[in-house]
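One-letter residues, chain by chain:
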Amino acid sequence: MERIHHWIDNQLTASNPSGRSGQVFNPATGQQTGEVDFASVDVVDRAVASAKEAFATWREVSVAQRIAILFRYRELVEQNKLEIAKRLTAEHGKVISDAQGEVARGLENIEYACGAGELLKGDYTEQASRGVDVYSIRQPLGVVAGITPFNFPAMVPMWMYPNAIACGNTFVLKPSEKNPSAPLFTMELLQEAGVPAGVVNLINGDKEAVERLLAHPDVAAISFVGSTPIARNVYETATRNGKRAQALGGAKNHMIVLPDADISLAADAAVSAAYGSSGERCMAVSAVVAVGEVGDTLVDAIGSRLEKIKVGDGSDPDSEMGPLITGEHRDRVRSYIASGRDQGATVVRDGGEDDIAGQGFFLGASLLDHVTPEMDCYRDEIFGPVLSVLRVDTYTDAVTLINENPWGNGAAIFTRDGGAARQFQFDVQAGMVGINVPIPVPVSYYSFGGWKGSLFGDTHMYGPEGIHFYTKAKVVSSRWPDPATSTINLGFPQTR
Ligand code: NAD
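These figures come from a predicted structure and were not determined experimentally. (Residues numbered from 1 in each chain as written. Predicted model: local features only at pLDDT ≥ 70, side-chain atom pairs only at ≥ 80, totals over all residues. Heavy atoms only, no water.)

Peer 1: For this particular structure, what's the right way to read the overall build of the protein?
Peer 2: Along the protein, the regular secondary structure elements total 16 helices and 23 strands. Against the compact-globule benchmark of 23 Å for 496 residues, the protein has a radius of gyration of 25 Å, which places it among compact chains. Dimensions along the principal axes, computed over C-alpha positions, put the protein at roughly 90 × 60 × 40 Å. In the protein, which comprises 496 residues, the share counted as buried stands at 57%. When contacts within the protein are restricted to residue pairs at least 6 apart in sequence, long-range pairs at least 24 apart make up 71% of them. Per element, the accessible surface of the protein, about 20500 Å² overall, is 50% carbon and sulfur. If you average the places of the 43 positive and of the 60 negative side-chain charges in the protein, the two averages end up 7 Å apart. (Helix = DSSP H or I, 4+ residues; strand = E, 2+ residues; numbered from the N terminus. Rg over C-alpha atoms; globule rule 2.2 N^0.38 Å. Buried < 20%, exposed > 50% of the residue type's maximum accessible area, 1.4 Å probe, protein only. Contact = heavy atoms within 4.5 Å. Areas by Shrake-Rupley, 256 points an atom, 1.4 Å probe, with all protein chains shown as cover. Lys, Arg positive; Asp, Glu negative; His and termini not counted. Charge placed at Lys NZ, Arg CZ, Asp CG, Glu CD.)

Right under this line is the structure:
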């Protein structure tokens, strides 16, 4: 059984002073494969102290040198893509191709941070007043912390620390305790790339570690990604403690299908967006809204595709959908099929009835039709392979449904009508919008974030807003003596 430690000062910690730890499973076999140390307050304090000490020198390192390190890190992540992906599959369960996709999306964020030279440029106004120039610079905050969820253990931290350290901050990462091995491995790669000791530390743990980070006087900012109740609490506590905070929460992403849509395209999109990574994506489509007469054809098209999804161990290249993260979560997800049926939905496909061998935390693809907004399967974030179809009469009904939903991460529309698509982007209350794109995750040079219960704070993550979050502005107004009065002969006449 592997013992998983913290990473402080570019080395693994040896002891576990808290005496507390958590179990790590391979969700495909249901077997425990690791035991992860949980940080005590002392360990968190050590990590923050190390980052604080490193900040003093890291902020003096030139932008060119920081970028050179990030370029080397980018190469190392690229070379080790498969190795990282294997660790993701072993502890998260997602299929290996999906795990490689996760690393690829993380790489985009490292590449973005490699542009720090361009991103950190300030503005300059010459002669704002006679003899006075005014310019702006952006400076790092100090020690910043990231707290991340189980569903993207490598990528979500990469939304944060490449930009944070490119800006001159030092970083403390608290990844999910459910699958800590991939983020820990990336710490070794950071060291190999030349990141000095203390610039990025990683502490494993649970609520105790998070609460210490939120209270620690030397932590200047908190980036959080996870479920809505925890995101709300993290945001409120961090800001109450005077920290800058961005906290991304859960989601209920809708995909509207208008009557003129290409049904085959829409069904393919709904299947990949709802069941990819077993629905454990914050941008997964969990509610398809069929407008007008499109419902029956669409449900048939989606249902027929579900029979072909090969569910199995993610390390098997033939598997298309892996297990859920824990047995407890699998049972909770499955309960929504039963509650949907009890509350009047039509169960088109019950993945709980699939015969999947072994002790893994598997659940087959499930489809509920005639779901209504009062049902629990619609009201809650399920975070599993259960797709609900709601039927409405008009486009306006569909948009109203989305806008009345308490979450607002992603929303998509499938149509051939440009006017309808344009109206949708104008009307919809969500932070990320897809037009014939089911999972509209922005590329790394835009920023990621939802509205309503999907984001607390005013700053989205990564991209330009990430750079903004990890820096504070300073404006300098400067006046130098009139050259005419200079002691050096600049060749000016004495009076001008
Ligand atoms: P989670 O909220 O349970 O955990 C997230 C982090 O918070 C973990 O590091 C965990 O250790 C810590 N944590 C858990 N309970 C805590 C507590 N009581 N106090 C302080 N810290 C605590 O989320 P999860 O189950 O790991 O991830 C799934 C959730 O994350 C889903 O709701 C999903 O929608 C959301 N998510 C959102 C985004 C986004 O960009 N909006 C992205 C990925 C995941």
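Peer 1: I'm lost on the pattern of salt bridges in this one. Help?
Peer 2: One pass over the structure, following the stated rule, counts 25 salt bridges. For R3, the salt bridge is made with D37, and the minimal N-O distance between the two is 2.8 Å. On the criterion of sequence distance, the pair formed by R3 in strand β1 (residues 2-4) and D37 in strand β5 (residues 31-37) is long-range, its members being 34 residues apart. On the accessibility criterion, R3 (39% relative accessible area) is partly exposed. A relative accessible area of 0% places D37 in the buried class. (Salt bridge = Lys/Arg side-chain N within 4 Å of Asp/Glu carboxyl O.)

Peer 1: Mind showing me how you'd approach the side chain of K174 here?
Peer 2: Mapped onto the elements of the fold, K174 is located in strand β9 (residues 170-174). Of the residues examined, K174 reaches a relative accessible area of 3% and is grouped as buried. Setting aside residues no more than four positions away along its own chain, K174 makes contact with G146, I147, T148, I203, N204, G205, D206, A209, V210 and L213.

Peer 1: Mind showing me how you'd approach the site of the ligand here?
Peer 2: Surrounding the ligand, one finds 26 residues, the nearest of these being K174, E177, S227, G249 and E381. At 2.8 Å, a backbone N or O of T148 approaches an oxygen atom of the ligand. A distance of 3.3 Å separates an oxygen atom of the ligand from a polar backbone atom of G226. Contact with the protein chains hides 88% of the accessible area of the ligand, taken as 840 Å² for the molecule alone. Contributing elements (two or more residues each) for the shell around the ligand: α8 (207-215) and β11 (219-225). In terms of residue class, the shell around the ligand is made up of 14 nonpolar, eight polar and four charged. Of the domains in this structure, domain 1 (2-249 + 454-477) and domain 2 (253-435) are the two that each give at least three residues to the shell around the ligand. (Near = heavy atom within 4 Å. Polar contact = N/O pair within 3.5 Å; in protein donor to acceptor, adjacent residues only side chain to side chain. Nonpolar A, V, L, I, M, F, W, Y, C, P; charged D, E, K, R; others polar. Domains from an automatic or database assignment.)

Peer 1: Just checking my understanding: could you explain the packing of helix α2 (residues 63-79) against helix α6 (residues 155-166) for this structure?
Peer 2: Pairs of packed helices are described in terms of their axes, by the angle between the two and the distance that separates them. Taken N-terminus to C-terminus, the directions of α2 and α6 make an angle of 155 degrees; their axes are 9 Å apart at the nearest point. Here α2 lies roughly antiparallel to α6, going by the angle between them. Of the residues in α6, those in contact with R66, L70, Y73 and V77 of α2 are M158, Y161, P162, I165 and A166. Tallied by class, residues from the contact of α2 with α6 come to eight nonpolar, no polar and one charged. (Axes fitted to C-alpha atoms, helices over the stretch in contact; angles between N-to-C directions. Parallel < 35°, antiparallel > 145°, perpendicular 65-115°, else oblique.)

Peer 1: How should I be thinking about the packing of aromatic side chains in this particular structure?
Peer 2: All chains considered together, the criterion is met by 10 aromatic pairs. On the basis of an interplanar angle of 45 degrees and a centroid distance of 6.0 Å, the ring pair of F448 and Y462 is categorised as tilted. Here F448, found in the loop between β20 (432-435) and β21 (451-452), pairs with Y462, found in the loop between β22 (455-456) and α16 (463-469); they are 14 residues apart in sequence, far enough to count as distant. As far as the burial class goes, F448 and Y462 line up, both buried. Ring pairing ties together the aromatic residues Y73, Y161 and F171, which thus form one cluster. R87 extends its terminal NZ or CZ atom over the ring of F185, reaching a point 4.2 Å from the ring centre. (Phe/Tyr/Trp six-rings, centres within 6.5 Å; stacked < 30°, edge-to-face > 60°. Lys NZ or Arg CZ within 6 Å of the ring centre and 35° of its normal.)

Peer 1: When you look at the domain arrangement of the protein in this model, what are you seeing that I'm missing?
Peer 2: Along its sequence, the protein is carved into domain 1 (2-249 + 454-477) and domain 2 (253-435). Spacing between the C-alpha centres of domain 1 and domain 2 amounts to 31 Å. At the junction of the two partners, domain 1 supplies 20 residues and domain 2 supplies 23 residues. Surface buried jointly by domain 1 and domain 2 totals about 1800 Å² across both partners, of which 61% is contributed by carbon and sulfur atoms. Three residues stand out in domain 1 for area buried against domain 2, namely A28, V95 and S454, and they jointly supply 26% of the buried area on that side. Remark: the boundary between domain 1 and domain 2 carries one salt bridge. There are eight residue pairs in polar contact (both at pLDDT 80 or more) connecting domain 1 and domain 2. Secondary-structure elements contributing two or more residues to the side of domain 1 that touches domain 2 are α3 (81-92) and α4 (96-113). The leading source of residues in the side of domain 1 that touches domain 2 is α3, at three residues. Looking at the side of domain 1 that touches domain 2 residue by residue, the classes come out as seven nonpolar, nine polar and four charged. (Buried area = accessible area lost by both parts, 1.4 Å probe.)

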